[in-house]
Amino acid sequence: MLFLRNFRLFAASVLMVCNFAAAAPEITGPFDSPERLLQWHKTTLTLEGPDASEQGEPNPFTDYRMDVVFTHEKSGLEYRVPGYFAADGNAANSSAKEGNIWRAHLCPDMPGQWRYEISFRKGKNAAVSEDPEAGAALAPYHGISGKFKVEPSDKAGRDLRGKGRLEYVGKTFLKFAGTGEYFIKQGADAPENFLAYEDFDGDFKSDGRKDHLVKSWAPHEKDWNAGEPYWQDKKGTEIIGAINYLASEGLNAFSFIPMNIEGDDRNVFPYTDYNERFRLDCSRLEQWEIVFEYADKKGMFLHFKTQETENELLLDGGDLGPQRRLYYRELIARFSHHLALNWNLGEEINNASTSQKKSWAEFFYKNDPYHHHIVIHNMGNPHHDLMGEGSRLTGMSVQTNKPDFRNVYSRVKDYIERAKKAGKVWAVACDEPGDAQHALRPDNDAGSSHQDARRNALWGTLMAGGWGNEWYFGYKHAHSDLTCQDFRSRDAFWDCCRVAVEFFKAENDSGRKALPVENMLCREDLAAAPNRCLSGKDKAGKNCLVVQAMTAKEFSVKAPAEKLYKAGWMNSKTGEWKILSDIENHKGGELKFKSPWGKDGILLLYDWAGEN
């Protein structure tokens, strides 16, 4: 009888486990082809987990910790990806605040068979603990495993899913892992409140905190096309149209602050309300993701400025405490799968200590499975304390302060040289050239700002060895850093940005190859002052020189010995070329040149025929 009773108890317990067994997770692809799992495409694991709500207990953002280990079977490549609470799994459209859907996103580097194993733990503040094993394993979700197969990418052109992840590779330029192409950035730094958009969920639009700065992005409604993303009742079309416009101009980046509580705008934050720090708005974050996912398709780099100087000490007094850990973890969990981005530790950071800044960088390095580019933005503080061989930072986001942009070249050059001397090469971009009042003015109020920006900032950054620019809009002009709703306000200048990118990448020019920017250094000794020179060798060992004419007079260039150079002048404003006769049997030494376009001339000396 005892045996029979024990057998019945055992059978009942087995039945109970079976009744509560978790359903197998669903694995899906990106928004435009969810049924296909492709290399470099967003791959989503969706788990039906414990019921939770944004305001419920246990707190789904702090007291549950979901991580997924994804492993590529053939190579052994492994990513530990943080997961997150996704409400009902369709919160962007339903505005749901509760549900039982939990997600993790993988960006698979390689085609082939992948495995996954879920770690799901429960415990007070388990998600924000330094210990990944904090809390207790939660059955039946903990330990669930499975497999899925990824096919090769089928994308090309601007779509980042045909290029692969943009990576820091120890050089002054970032490199796409799939194609091996080096990235030259030109985009919009403004408005910093890009995400202060009326079609996103939340009461930020009517909470009495700078509600007049909330955006409609209405001028870009005409840039949205049928078949492109939206949510709910055709919401989101204007902000999607804004991305379309930037891409159509040849730009490849935009910037935003995802948390500007106490900042200049105060309408953008991931939380359920302005005063909350531990509960997030699932529907608003999912709507952000629709925008970011579409940006991948359009070839856009995402500049996450995680905070600004007004709130750099807001979370945990600047320390790496539970508030900051949660904020960073949620950014990584929801958005790190995107292919081209950087984590900017903050805009105009001036108050945090060296140890605080280093702890922020360390968190991103340890928890972002893909080790995206990590930078910080200067104003009064140059952040030289973050340089060096052991630094987790991989670059600098430079701000300058002159209305004519005249100090951009020297600032970018100084950061590159200082970082190298300190023991670690940094990829440096100038992401806020100019001064706060004016900087890049609208086309109808440009004055000399477009000319100065083009000569001193756009080409100043590139000739110093910087990897690109994002453009700030001064607060004394229409469509400023806080009020911009129409990127067409600087339409004429975007053409100059496109010309510069095409110069280095040799786009729209079948007669030459891309320049070896990854190996080119600022060489002031090779061109007579005040002219600027970049020089380096390509993979075949051929010398490449780029000279920016800073004078209309004839000047000399010291070209290294070479069998053959081709020579040509490009107009930096129009993109027009004048090809000079080949310089045959050149044995090195001094050559004389005079720009046909005065200070708008860019000289190229390079045997550009053949393969890279």
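Residues numbered from 1 in each chain as written. Predicted model: local features only at pLDDT ≥ 70, side-chain atom pairs only at ≥ 80, totals over all residues. Heavy atoms only, no water.

## Overview of the overall build of the protein chain
Along its length, the protein chain carries 9 helices and 27 strands. For 612 residues, the compact-globule formula gives about 25 Å, and the C-alpha radius of gyration of the protein chain, at 26 Å, lands near that figure. Summarising its shape, the C-alpha atoms of the protein chain cover approximately 105 × 55 × 50 Å along the three principal directions. The long-range share in the protein chain, meaning contacts at least 24 apart out of those at least 6 apart in sequence, stands at 70%. Accessible surface, the protein chain: about 23000 Å² in total, of which carbon and sulfur atoms supply 48%. (Helix = DSSP H or I, 4+ residues; strand = E, 2+ residues; numbered from the N terminus. Rg over C-alpha atoms; globule rule 2.2 N^0.38 Å. Contact = heavy atoms within 4.5 Å. Areas by Shrake-Rupley, 256 points an atom, 1.4 Å probe, with all protein chains shown as cover.)

## Concerning the sheet that holds strand β5 (residues 84-85)
In spatial order, the strands read β1-β2-β6-β5; together these 4 strands make up an open sheet with antiparallel pairing. Looking at the sheet topology across the chains shown, the edges are occupied by β1 (26-28) and β5. Sheet topology note: the β1/strand β2 (residues 43-53) ladder contains 3 bridges and is antiparallel. Note that in β2 the partner of Glu26 across the bridge is Thr46. (Pairing = 2+ DSSP bridges.)

## A few points about the packing of helix α3 (residues 237-248) against helix α4 (residues 282-297)
Contact geometry for α3 and α4: axes closest at 10 Å, N-to-C directions at 20°. Of the possible angle classes, the one that applies to α3 and α4 is roughly parallel. Crossing angle aside, the handedness with which α3 passes α4 is right-handed. In contact with Ile239, Ile240, Ile243 and Asn244 of α3, α4 contributes Val291, Tyr294 and Ala295. Taken together, the residues that form the contact of α3 with α4 break down as 6 nonpolar, 1 polar and no charged. (Axes fitted to C-alpha atoms, helices over the stretch in contact; angles between N-to-C directions. Parallel < 35°, antiparallel > 145°, perpendicular 65-115°, else oblique. Left-handed = near helix turned anticlockwise from the far one by under 90°. Nonpolar A, V, L, I, M, F, W, Y, C, P; charged D, E, K, R; others polar.)

## What about the packing of aromatic side chains?
A complete count under the given rule lists 43 aromatic pairs for this structure. Pairing Phe70 with Phe148 gives two aromatic rings, centres 6.2 Å apart and planes at 75°, and the pair type is edge-to-face. Here Phe148 lies in strand β9 (residues 145-150) and Phe70 lies in strand β3 (residues 64-72), a separation of 78 residues in the sequence. A centroid spacing of 5.0 Å and a plane angle of 55° characterise the contact between Phe304 and Trp343, whose relative ring orientation is tilted. Of the two residues, Phe304 is situated in strand β14 (residues 301-305) and Trp343 in strand β15 (residues 341-344); the sequence distance between them amounts to 39 residues. On the basis of relative accessibility, which here comes to 0%, the residue Phe304 falls in the buried class. (Phe/Tyr/Trp six-rings, centres within 6.5 Å; stacked < 30°, edge-to-face > 60°. Buried < 20%, exposed > 50% of the residue type's maximum accessible area, 1.4 Å probe, protein only.)

## Remarks on the pairing of strand β27 (residues 601-606)
A large share of β27 lies buried, amounting to 6 of its 6 residues. Every second residue of β27 is oriented toward a common face, with Gly601, Leu603 and Leu605 on one face and Ile602, Leu604 and Tyr606 on the other, all of them buried. Pairing of strand β22 (residues 543-548) with β27, which is carried by 5 bridges, proceeds in the antiparallel orientation. By the bridge assignment, Gln548 is partnered in β27 with Ile602. With 6 bridges connecting them, strand β24 (residues 564-571) and β27 associate as antiparallel partners. Across the sheet, residue Lys566 finds its bridge partner in β27, namely Tyr606.

## What about the environment of Leu326?
On the secondary structure map, Leu326 appears in helix α5 (residues 322-335). C-alpha separation for the pair Leu326 and Leu315, spaced 11 residues apart in sequence, amounts to 9.9 Å. The residues touching Leu326, leaving out its near neighbours within four places in the chain, are Phe61, Thr62, Val128, Arg277, Phe278 and Leu280.

## Describing the state of the cysteines
Applying the stated rule across the entire model yields 0 disulfides. Residue Cys496 stays outside any disulfide, its sulfur separated by 6.8 Å from that of Cys497, the closest cysteine. Not part of a disulfide, Cys533 finds its nearest cysteine sulfur in Cys522, a span of 7.9 Å. (Disulfide = S-S within 2.5 Å.)

## Describing the pairing of strand β18 (residues 427-432)
Across the 6 residues of β18, 6 count as buried, placing the element largely inside the fold. Regarding the hand of the β-α-β motif, the stretch spanning strand β17 (residues 395-399), helix α7 (residues 408-422) and β18 is right-handed. (Right-handed = clockwise from strand over helix to strand, strands pointing away.)

## Re the environment of Asp207
Along the polypeptide, Asp207 turns up in the loop between β12 (185-188) and α3. Judged by its relative accessible area of 22%, Asp207 is partly exposed. In this structure, the C-alpha to C-alpha distance between Asp207 and Tyr365, residues 158 residues apart in sequence, is 35 Å.

## Brief notes about the packing of helix α8 (residues 449-463) against helix α9 (residues 491-505)
Interhelical geometry of α8 versus α9 gives an angle of 25° and a closest axis separation of 11 Å. Between α8 and α9, the angle is such that the two are roughly parallel. Taken as a pair, α8 and α9 cross one another with a handedness that is right-handed. Facing His450, Ala453, Arg454, Leu458, Trp459 and Leu462 of α8, the residues of α9 in contact are Ala492, Phe493, Cys496, Cys497, Ala500, Phe503 and Phe504. A breakdown of the residues in the contact of α8 with α9 according to their chemical character gives 11 nonpolar, 1 polar and 1 charged.

## Section: the pattern of salt bridges
One pass over the structure, following the stated rule, counts 42 salt bridges. For Asp431, the salt bridge is made with Lys185, and the minimal N-O distance between the two is 2.9 Å. Highlighted residues: Asp431 in strand β18 and Lys185 in strand β12, separated in sequence by 246 residues. Given a relative accessible area of 1%, Asp431 falls into the buried group. Between Arg284 and Asp281 there is a salt bridge whose closest N-O contact spans 3.1 Å. (Salt bridge = Lys/Arg side-chain N within 4 Å of Asp/Glu carboxyl O.)

Scope: geometric values only; no functional claims are made or implied.
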